[in-house]
Amino acid sequence: MRQKMSCTFCMIANGEIEIKKLYEDKDMIVINDINPQAPIHILVIPKKHIENLLLVEPADVELLGRMLIAASNVAKELSIDKTGYRIVINTNRDAGQTVGHLHVHMLGGRPMKWPPG
Ligand code: 5GP
Ligand code: ZN
């Protein structure tokens, strides 16, 4: 199943919802988070519906790598590569995953604490 009906991120990634795109190719889209937790907070969303990191298959390995590169490229374009940025993939309840469609967060533009709360 490539797309899931009623999945907001499927609709966004596949162009059914009009939204500003920071990057797009045949496999993914990069957009601003609707509720940013840092001055820069973007989401890399695959066009294929994958519920979360636990459901990634061997065939998705290249996709995952390219999603990380896309996040880093956007960090460079937004000039936060030197100051730094954080990549997050929330998986299931304790991590705070709220959208059941795999996505990579890239946050930057302010100092961050470790460990996260
Ligand atoms: P999660 O908590 O699942 O790791 O992250 C979901 C993220 O998606 C949240 O940061 C939330 O603000 C963002 N989000 C949820 N719905 C939408 C939407 O319709 N548009 C955009 N741009 N971001 C969304
Ligand atoms: Zn989906």
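Residues numbered from 1 in each chain as written. Chains lettered and ligands numbered in written order. Predicted model: local features only at pLDDT ≥ 70, side-chain atom pairs only at ≥ 80, totals over all residues. Heavy atoms only, no water.

Peer 1: I tried to follow the pattern of salt bridges on my own but got confused; where do I start?
Peer 2: Counted by the stated rule, this structure contains nine salt bridges. Glutamate 24 is the partner of lysine 21 in a salt bridge, and the nearest nitrogen-oxygen pair spans 3.1 Å. When the shortest N-O distance is used, the salt bridge between glutamate 57 and lysine 48 registers 4.0 Å. Here the salt bridges share partners, and the residues they tie into one network are Asp25, Lys26, Asp27 and Arg66. (Salt bridge = Lys/Arg side-chain N within 4 Å of Asp/Glu carboxyl O.)

Peer 1: How do you make sense of a nonpolar patch on the surface when you look at a structure like this?
Peer 2: Taken together, the side chains of Leu68, Tyr85 and Ile87 present a nonpolar region at the surface, about 230 Å² in accessible area. Here isoleucine 87 lies in strand E4 (residues 85-88). In this structure isoleucine 87 comes out as partly exposed when scored by relative accessible area, which is 33%. (Patch = residues over 30% accessible without salt bridge, like charges linked within 9 Å, V, L, I, M, F, W, Y side chains within 5 Å. Areas by Shrake-Rupley, 256 points an atom, 1.4 Å probe, with all protein chains shown as cover. Helix = DSSP H or I, 4+ residues; strand = E, 2+ residues; numbered from the N terminus. Buried < 20%, exposed > 50% of the residue type's maximum accessible area, 1.4 Å probe, protein only.)

Peer 1: How should the coordination of the zinc ion (ligand 2) be read in this particular structure?
Peer 2: Around a metal, the ideal angle is 109.5 degrees if four donors adopt a tetrahedral arrangement and 90 or 180 degrees if six donors adopt an octahedral arrangement. With distances of 2.0 to 2.3 Å, the protein atoms coordinating the zinc ion (ligand 2) are Cys7 (SG), Cys10 (SG), His49 (ND1) and His101 (ND1). The coordination sphere of the zinc ion (ligand 2) comprises four donor atoms, whose angles at the metal cover 105 to 115°; the geometry is tetrahedral. Linear spacing of the donor residues for the zinc ion (ligand 2) on their chain is C-x2-C-x38-H-x51-H. Linking cysteine 7 in the segment before helix H1 (8-13) with histidine 49 in the loop between strand E3 (40-46) and helix H2 (61-77), this pair joins segments that are 42 residues apart in sequence. Take cysteine 7 and histidine 49: they sit in the same class, and that class is buried. (Donors = N, O, S within 2.8 Å, 3.2 Å for Na, K, Ca; no water. Tetrahedral: all angles 85-135°; square planar, octahedral: opposite > 155°, others 65-115°.)

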